[in-house]
Amino acid sequence: MTISHRLLDQNDADASIRLGQEAFGFPSDPAPATVAPAKPFPPAGAHAHGIFDGDELAARLFAREYLSHFAGEQVPTCGIAGVTVKAEYRGRGLLTDLFAAVHDAAKDRGEVISTLFPTAPGIYRRFGYELVGDYSTVEIPSAALASIRRPAGIEVRRAGVDDAEAIQRVYHQWASSQHGPLTRTGPSFSGGAAEFLDSFNGVTVAVDSAQQVVGFASWDRGPSTGRGSAFEVSDLIGSTAAATAALWSVVASFASVTGKVKVDTSGDDLARFALPSVDWSVVSPRPYMLAVLDVAGAFTARSVTAAIAAELEFAIAGHPIGAQNGGYRLNVGAGQVDCRHASDSGGVRTYSPQGIAVAYAGTQSSANLRTVGMLSGGDPGDDSVWDALFGGHQFHIRDYF
Ligand SMILES: CC(C)(COP(=O)(O)OP(=O)(O)OC[C@H]1O[C@@H](n2cnc3c(N)ncnc32)[C@H](O)[C@@H]1OP(=O)(O)O)[C@@H](O)C(=O)NCCC(=O)NCCS
């Protein structure tokens, strides 16, 4: 084998699409052997990386340029998608070369964390990724929504292109208070308002008495009618409880023709507070993993509560990219974070690569990280400081890639 890495371009589109179809399935129409018509390759905001054996494409993935919200800050993120090794090349460790190249390129672009939706988490842990969230589809019997009424003072109407800015504002207002959601801005979201609206059967906005858009729901009616058919909701986000209830009332109005509602959701969804019944069954889980690519850069990109001023030492051990191992010093004050490499004084609070990923996401307490061996050493008395600085927000992701 003569193994090499390079970025893929339009000339590699057919080989890359074919490899993806072999792994994730051929379209049933057109016929299986047909390769999809040429589109811009790679897509906007994406970098396609390939590993070649001579001239043969043996492995590939896409690295997408994203920004992730972390409680008021937008953190440059490398979103990994379409990871595929050709069947005859599997089990030979090609992913190690691929991820080393992809992480280097991401850091060169200033991306400090990386995220992906794994088909199996075990594939990615050795590259520093750990589970931090879940973008799942839940199912609710339509009848369970029947008692939801549109509150007085809120109107609903179909969104037009002119509503795009207001819809993005509603999304931003919600997403910027969470950990994890993509900003839906930048090169990977270059489609524009018309393309956004065209990608759904309908987008409904909730409007208050001042004619302000205070919520939106994007939805697809689905192909059939009856008890087995589903009305599918991609986003249902209200800036107020009344807006959320008004949007659910629109969904509920399809109960006579669709027996169930499927909702794409993540974490503890605020929209659930408007539901009268317990019905909320996960039918399609999509776990989400995060890795910290540049420890100093990733923490410096965060802002935290201004109530805490502290100087904290920590270390990373066992990171597959050796440059990240060693000591760090974190200075926190006036809501700002400054994190730098420092000499490892020994015995300090030490995270595994997966531990620092989970701590960064704020999805587990320090005590829980100690239980599973992802955090050790240091003064356990500092745990509550770390938890207060980097926890305290819900983790969400509402885009699949
Ligand atoms: C998943 C896939 C990319 C792995 O390719 P591969 O050539 O076996 O990967 P490598 O040889 O570089 O690495 C193998 C490592 O991944 C682990 N791994 C591979 N498939 C796994 C699975 N399904 N579950 C858990 N771990 C898995 C192996 O245990 C091995 O780890 P080890 O070295 O510690 O034993 C390949 O099987 C594939 O293309 N599958 C179909 C598409 C797919 O599932 N892609 C992932 C999308 S998120």
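What you see as residue numbers is a count from 1 along each chain, following the sequence as written. At least 70 in pLDDT is required for a residue's local features to be given in this predicted model, at least 80 for side-chain atom pairs to be given and counted, and no such filter applies to totals for whole chains, interfaces and linings, which use all residues. For the side-chain quantities, the full set of heavy atoms in the structure was used; hydrogens and water were omitted.

Caption draft 1: Structural view of the overall build of the protein chain. Each helix is a run of H or I in the DSSP string that is no shorter than four residues. Each strand is a run of E no shorter than two, and both are numbered from the N terminus. A count of helices and strands for the protein chain gives nine helices and 19 strands. Its C-alpha radius of gyration of 23 Å places the protein chain within 12% of the 21 Å reference for a compact globule of 401 residues. C-alpha extents for the protein chain along the principal axes are approximately 65 × 60 × 35 Å. The rule is simple: take the accessible area with a 1.4 Å probe, protein chains only, and divide by the maximum for that residue type; under 20% is buried, over 50% is exposed, in between is partly exposed. Split into buried and exposed, the 401 residues of the protein chain put 48% on the buried side. Contacts in the protein chain between residues far apart in sequence, at least 24 positions, make up 71% of those at least 6 positions apart. The Shrake-Rupley method, run with a 1.4 Å probe sphere, supplies the accessible areas, and residue values consider only the shown protein chains as cover. Carbon and sulfur atoms make up 51% of the accessible area of the protein chain, which amounts to about 17,600 Å² in all. In this setup the radius of gyration rests on C-alpha atoms only. A globule is expected at 2.2 Å times the number of residues raised to 0.38. The contact definition used throughout considers only heavy atoms, calling two residues in contact when any of these lie within 4.5 Å.

Caption draft 2: Here's a closer look at helix 5 (residues 241-252). Any helix carries an expected span of 1.5 Å times its number of residues minus one. Between the first and last C-alpha of helix 5 there are 16 Å, a value that for 12 residues agrees with the 16 Å anticipated at 1.5 Å per step. Within helix 5, 10 of the 12 residues are buried, leaving the element largely enclosed by the surrounding structure. Looking at helix 5, one finds that the buried residues are A243, T244, A245, A246, L247, W248, S249, V250, V251 and A252.

Caption draft 3: Spatial organisation of empty space enclosed by the protein. Method remark: on a 1 Å grid restricted to protein atoms, a set of points is classed as a cavity if a 1.4 Å probe fits but cannot get out and as a pocket if it is open with protein on both sides within 12 Å along at least five of seven lines; lining residues have an atom within 4 Å of a point. Grid points are joined across faces, edges and corners, and a volume is the space filled by probe spheres set on the points. Evaluation of the coordinates by the stated rule reveals one cavity of 30 Å³ or more. Here the largest cavity defines a volume of roughly 30 Å³. Around the largest cavity, the lining residues are E313, F314, G327, Y328, A342, S343, D344, S345 and V348. When contributions to the lining of the largest cavity are tallied by element, the ones reaching two or more residues are strand 15 (310-316) and strand 16 (326-333). Gly falls in the polar group here, along with every residue not listed as nonpolar (Ala, Val, Leu, Ile, Met, Phe, Trp, Tyr, Cys, Pro) or charged (Asp, Glu, Lys, Arg). Across the lining of the largest cavity, the residue classes break down as four nonpolar, three polar and two charged.

Caption draft 4: Structural context of the site of the ligand. Near the ligand, the surroundings consist of 20 residues, among which V83, V85, G91, G93 and R126 are the closest. Polar contacts, as used here, are pairs of N or O atoms within 3.5 Å; protein pairs need one atom able to donate a hydrogen and one able to accept it. Residues neighboring in sequence count only if both atoms are side-chain atoms. Measuring from an oxygen atom of the ligand, one finds a side-chain N or O atom of R90 at 3.4 Å. Notes on the ligand: free accessible area 910 Å², of which the protein chains cover 63%. Counting only elements with at least two residues in the shell around the ligand, the list comes to helix 1 (13-24), strand 4 (73-85) and helix 2 (94-108). At three residues, the largest contribution of residues to the shell around the ligand is made by strand 4. In terms of residue class, the shell around the ligand is made up of 12 nonpolar, five polar and three charged. Neighbouring residues are identified by heavy atoms, a residue being near a molecule or strand if any of them is within 4 Å of it.

Caption draft 5: Quick look at the packing of aromatic side chains. Any Phe, Tyr or Trp ring, taking Trp's six-membered ring, that has another such ring centre within 6.5 Å forms a pair; planes under 30 degrees apart are called stacked, those over 60 apart edge-to-face, and the others tilted. What the rule picks out here adds up to 29 aromatic pairs. Considering the side-chain rings of Y66 and F189, the 5.8 Å spacing of their centres and the 45° angle between planes classify their relative orientation as tilted. Residue Y66 is located in strand 3 (residues 56-70), and its partner F189 is located in the loop between strand 8 (179-182) and helix 4 (192-198); the two are separated by 123 residues in the primary sequence. Seen from their ring centres, F99 and F127 are 4.5 Å apart, and the 5° between their planes marks the pair as stacked. Here F99 is found in helix 2, whereas its partner F127 is found in the loop between strand 5 (113-116) and strand 6 (130-141), with 28 residues between them in sequence. By the burial criterion, F99 is buried, and F127 matches it. Look at NZ for Lys and CZ for Arg. If either is within 6 Å of the ring centre and within 35 degrees of the ring normal, a charge sits over the ring. Lying over the aromatic face of Y400, R286 brings its terminal NZ or CZ to 5.7 Å of the ring centre.

Caption draft 6: Representation of the side chain of T204 in the model. Among the secondary structure elements, T204 is positioned in strand 9 (residues 202-207). A residue is classified by how much of its surface remains accessible, and T204, at 6% relative accessible area, is buried. Side chain to side chain, T204 and W219 meet in a polar contact 2.9 Å long. Residues within four places of T204 in sequence aside, it is in contact with V156, R157, R158, A159, G215, F216, A217, W219, L247 and V250.

Caption draft 7: The arrangement of helix 7 (residues 353-361) in detail. Of all nine residues that make up helix 7, nine are buried, and the element is covered over most of its length. Among all positions of helix 7, only P353, Q354, G355, I356, A357, V358, A359, Y360 and A361 are buried. Positive backbone phi, approximately 70°, marks G362, located one or two places after helix 7.

Caption draft 8: View of the pattern of salt bridges. A pair is scored as a salt bridge if a Lys or Arg side-chain nitrogen falls within 4 Å of a carboxyl oxygen belonging to Asp or Glu. What the rule picks out here adds up to 17 salt bridges. The shortest N-O distance in the salt bridge between D264 and R286 comes to 3.9 Å. Note that D264 is positioned in strand 12 (residues 258-266) and R286 in the loop between strand 13 (281-284) and strand 14 (287-292), a separation of 22 residues in sequence. By the burial criterion, D264 is buried, and R286 matches it.

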